Amino acid sequence: MTCPHCGGLLKKDTINNVTPRAGQFIVIYGVPCCKCVDCGTVLYRGHVMQKLEKMVDDTPKAAGKVVMLDYPDSDMEVYNGH
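As the structure is a prediction and not an experimental result, all values here were calculated from the model.

Asker: Please give an account of helix α1 (residues 46–58) that cites residues and values.
Answerer: The first and last C-alpha atoms of α1 sit 18 Å apart over 13 residues, in line with the 18 Å expected at 1.5 Å per residue. Those residues of α1 that sit buried are V48, L52, M55 and V56. Take α1 and look down its axis: the buried residues cluster within an arc of 95°, on one side only. Of the exposed residues in α1, the ones pointing more than 90 degrees away from its buried face are Q50, D57 and D58.

Asker: Got a sec to walk through the nonpolar core? Specific residues and values, please.
Answerer: One finds I26, I28, V31, V48, L52, M55, V56, V67 and Y71 forming the largest nonpolar core, which totals nine residues. Secondary-structure elements contributing two or more residues to this core are β2 (24–36) and α1. With near-sequence residues (within four places) excluded, L52 lies in contact with N17, I28, V31, Y44 and Y71.

Asker: Please provide a residue-by-residue account of the pattern of salt bridges, values included.
Answerer: Inspection of every chain in the model, using the stated rule, returns one salt bridge. Note that D58 is salt-bridged to K54, the shortest N-O span being 2.6 Å. Of this pair, D58 and K54 both sit in helix α1, four residues apart, roughly one helical turn.

Definitions and limits used
- Residues numbered from 1 in each chain as written.
- Predicted model: local features only at pLDDT ≥ 70, side-chain atom pairs only at ≥ 80, totals over all residues.
- Heavy atoms only, no water.
- Helix = DSSP H or I, 4+ residues; strand = E, 2+ residues; numbered from the N terminus.
- Expected span 1.5 Å × (residues − 1).
- Buried < 20%, exposed > 50% of the residue type's maximum accessible area, 1.4 Å probe, protein only.
- Arc of directions from axis to C-beta.
- Core = buried A, V, L, I, M, F, W, Y, C linked by side-chain atoms within 4.5 Å.
- Contact = heavy atoms within 4.5 Å.
- Salt bridge = Lys/Arg side-chain N within 4 Å of Asp/Glu carboxyl O.

See below:
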């Protein structure tokens, strides 16, 4: 796969996603993605994006100013093709 921004090679990787929400930051560790080796552009597959949105939506607003979550290992198996 090639990067839509620079044409570089996209490789499977994991990153930490930070989502700001109404005075709160939700940090999700170990999110699977495709990352460009040249420009660093990060792309998520559709099911990963849906999981991220659900994790953010399911986090209580009263959980604190910074909430740290781990991306589920069970979803990593789907991502890695197992």
